[in-house]
Amino acid sequence: MTETQAALFCTIVPPHVLDRLARSQDPALSAPARRTLEADAVQRTRRQLTTVAAPVAAPGTTAGEDDADRDTGADAEGAPESPQRTVHDCQNGTDLPGVVVRAEGDEPVKDATVNRVYTGLGATFELLLKEYGRSSLDGAGLPLNASVHFGDQYGNAFWDGEQMVFGDGDGEIFLDFSIPVDVIAHELAHGLTQHTANLSYYGQPGALNESVSDVIGSLVKQYTLGQTADEADWLIGAGLLAPRVTGVALRSMKAPGTAYDDDVLGKDPQPATMDDYVRTGRDNGGVHINSGIPNHAFYLVATRLGGKAWERAGQIWFDVLTGGELAVDANFTSFARLTAAAAAARYGEGAEHEAVVKAWAQVGVETA
């Protein structure tokens, strides 16, 4: 086990946003934010003290496997072709996983949050299986577990190395975290990365980890809506912000830095290019901030190619994530070069390869 794997704890809302809310003079905003930060600290510590159930991927390999088929993202022989979902209810407590409220094959329940999460888990499983031939996060049908109604007005959602957890939000800044399907898929994608490239969660590799989750989240949303790249909004977390917030989402892949500009939340700090790269020790070295750069590169590739983003642009990114050459400490340049190589390997040096090279050049990252 690596230290990175043991400490894996990935949230959708970055800590700098919650820090700002916690300093608000309005108790309706500050109190839930402080409780959220405290709960996050407890869960982060728990991950540092416990063992992740899944085997750890060595650098450049798929978790626990030396088999060549797994290294290329293919499923193990006989892997399940349907999900195994279980949704739990924490009943506003913090003990995980909570009470089982809907298991695989059960009819919808009265709780809309439970049903949304159940459906989102299935949509992510379906995209991975039907479009990329991968059975669940580990390629071998890993069960998908989630917990809802976590904490008291908990303003976040997270992947803790084993399962997904969703808060109800405070109703003032954040609504129910199960509302945007891309938030559900984003957190699941951290599990996909954990079982493939196992990117470390600091600095540029951490920003790539976050970006891959945003990419998968956006692709799942587009897949469920049947949208082309040109039709998509490329927003992460649209519908999550409460009406009082001046903003549309947590992040924008189309225009990083424009998702929100609010008196309480502040301004979206994401850069779109390396010219505005943020050097900081906060947020694990800015993983939620500098992820805007690879996010924007993917958006540029997808819209340049047109059509359905999960087909060619998504396939290239998936090939890199599962191809066995992406190091745990990969930086933007090494990732960009691998995407260019993957595009050429799958499609030749035509439109796809050109789109990748031009996109990375536009955001200021070398591929040559």
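Residues numbered from 1 in each chain as written. Predicted model: local features only at pLDDT ≥ 70, side-chain atom pairs only at ≥ 80, totals over all residues. Heavy atoms only, no water.

Asks: How should the pattern of salt bridges be read in this particular structure?
Replies: If charged atoms from side chains of opposite charge come close, those side chains can pair. Tallied over the full model, the rule gives 11 salt bridges. Where R282 meets D19, a salt bridge forms, and the shortest distance between an N and an O atom there is 3.0 Å. Linking R282 in the loop between strand 10 (266-267) and helix 8 (283-286) with D19 in helix 2 (residues 15-22), this pair joins segments that are 263 residues apart in sequence. The class for R282 is partly exposed, based on a relative accessible area of 47%. With a relative accessible area of 24%, D19 lands in the partly exposed category. Linking R116 and D176 is a salt bridge whose minimum nitrogen-to-oxygen distance equals 3.3 Å. Within this pair, whereas R116 is found in helix 5 (residues 112-132), its partner D176 is found in the loop between strand 6 (164-166) and helix 6 (181-194), the two being separated by 60 residues in sequence. The class for D176 is buried, based on a relative accessible area of 12%. (Salt bridge = Lys/Arg side-chain N within 4 Å of Asp/Glu carboxyl O. Helix = DSSP H or I, 4+ residues; strand = E, 2+ residues; numbered from the N terminus. Buried < 20%, exposed > 50% of the residue type's maximum accessible area, 1.4 Å probe, protein only.)

Asks: What should I look at first to understand the sheet that holds strand 5 (residues 157-159) in this one?
Replies: Read across the open sheet, the 6 strands follow the order 1-5-6-4-2-3; overall the sheet is mixed. Because the sheet does not close on itself, it has two edges, and the strands there are strand 1 (10-11) and strand 3 (99-103). Note that strand 2 (residues 85-89) and strand 3 share 4 bridges and pair antiparallel. The residue bridging D89 from the neighbouring strand is V99, located in strand 3. (Pairing = 2+ DSSP bridges.)

Asks: Would you explain helix 9 (residues 292-305) in this entry?
Replies: Every α-helix winds through 3.6 residues per turn, so residues three or four apart in the chain are directed the same way. Between its terminal C-alpha atoms helix 9 stretches 20 Å, which fits the 20 Å expected from 14 residues at 1.5 Å a residue. A large share of helix 9 lies buried, amounting to 12 of its 14 residues. Among the structural elements, helix 7 (203-225), helix 10 (313-322), helix 11 (332-347) and helix 12 (351-362) are those in contact with the buried residues of helix 9. Of the residues flanking the end of helix 9, it is G306, one or two places downstream, whose phi is positive at about 75 degrees. (Expected span 1.5 Å × (residues − 1). Contact = heavy atoms within 4.5 Å.)

Asks: Can you help me understand helix 11 in this one?
Replies: A rise of 1.5 Å per residue sets the reference length of helix 11, with its 16 residues, at 22 Å; its end C-alpha atoms lie 22 Å apart and thus fit the reference within 8%. Looking at the packing, one finds that the buried side of helix 11 touches helix 7, helix 9, helix 10 and helix 12. Directly beyond the C-terminal end of helix 11, a positive phi value near 85 degrees is found at G348.

Asks: I'm lost on the packing of helix 9 against helix 10 in this one. Help?
Replies: Each pair of packed helices can be described by the angle between their axes along with the distance between the axes. For the pair helix 9 and helix 10, the least separation of the axes is 9 Å and the interaxial angle reads 140 degrees. In terms of orientation, helix 9 and helix 10 fall into the oblique class. Packed against helix 9, whose contacting residues are F298, V301, A302 and L305, the element helix 10 presents A313, G314 and W317 at the interface. The residue makeup of the contact of helix 9 with helix 10, split by class, is 6 nonpolar, 1 polar and no charged. (Axes fitted to C-alpha atoms, helices over the stretch in contact; angles between N-to-C directions. Parallel < 35°, antiparallel > 145°, perpendicular 65-115°, else oblique. Nonpolar A, V, L, I, M, F, W, Y, C, P; charged D, E, K, R; others polar.)

Asks: Help me understand the packing of helix 6 against helix 7, please; the structure alone is not making it clear to me.
Replies: Look at helix 6 against helix 7: their axes get within 7 Å of each other, and the N-to-C directions meet at 135 degrees. On the basis of the axis angle, helix 6 is oblique to helix 7. Crossing of helix 6 against helix 7: the hand is right-handed. Contact with helix 6, carried on its side by V181, D182, A185, H186, A189, H190, L192 and T193, involves N209, E210, V212, S213, D214, I216, G217, S218, V220, K221 and T224 of helix 7 and no other residues of that element. (Left-handed = near helix turned anticlockwise from the far one by under 90°.)

Asks: I would appreciate a short explanation of the environment of V264 in the present structure.
Replies: Here V264 lies in the loop between strand 9 (261-262) and strand 10. When the C-alpha atoms of V264 and T246 are compared, they prove to be 9.0 Å apart, with 18 residues separating the residues in sequence. Residue contacts for V264: discarding those within four places in its chain leaves R20, L21, L29, I173 and R244.

Asks: Mind showing me how you'd approach unusual backbone geometry here?
Replies: Generally, phi is negative for residues other than glycine and the peptide bonds are trans, each holding for most cases. Put simply, L96 and P97 share a cis peptide bond, and its omega is 5 degrees. Of note, P97 is situated in the loop between strand 2 and strand 3. In this structure, Q91 is a non-glycine residue whose phi angle is positive, near 55 degrees. Within the secondary structure, Q91 is located in the loop between strand 2 and strand 3. Phi is positive for N198, which is not a glycine, with a value near 55 degrees.

Asks: I'm lost on the pairing of strand 2 in this one. Help?
Replies: Regular strands place their side chains on alternate faces of the sheet. Of all the 5 residues making up strand 2, 5 are buried; the element is thus mostly covered by neighbouring parts of the structure. Here strand 2 shows two buried faces, one formed by R85, V87 and D89 and the other by T86 and H88. Inspection of the sheet shows strand 2 paired to strand 4 (residues 144-148) by 5 bridges, in the parallel sense. Bridged to R85 within strand 4 is L144.

Any functional reading would require information that these geometric values do not contain.
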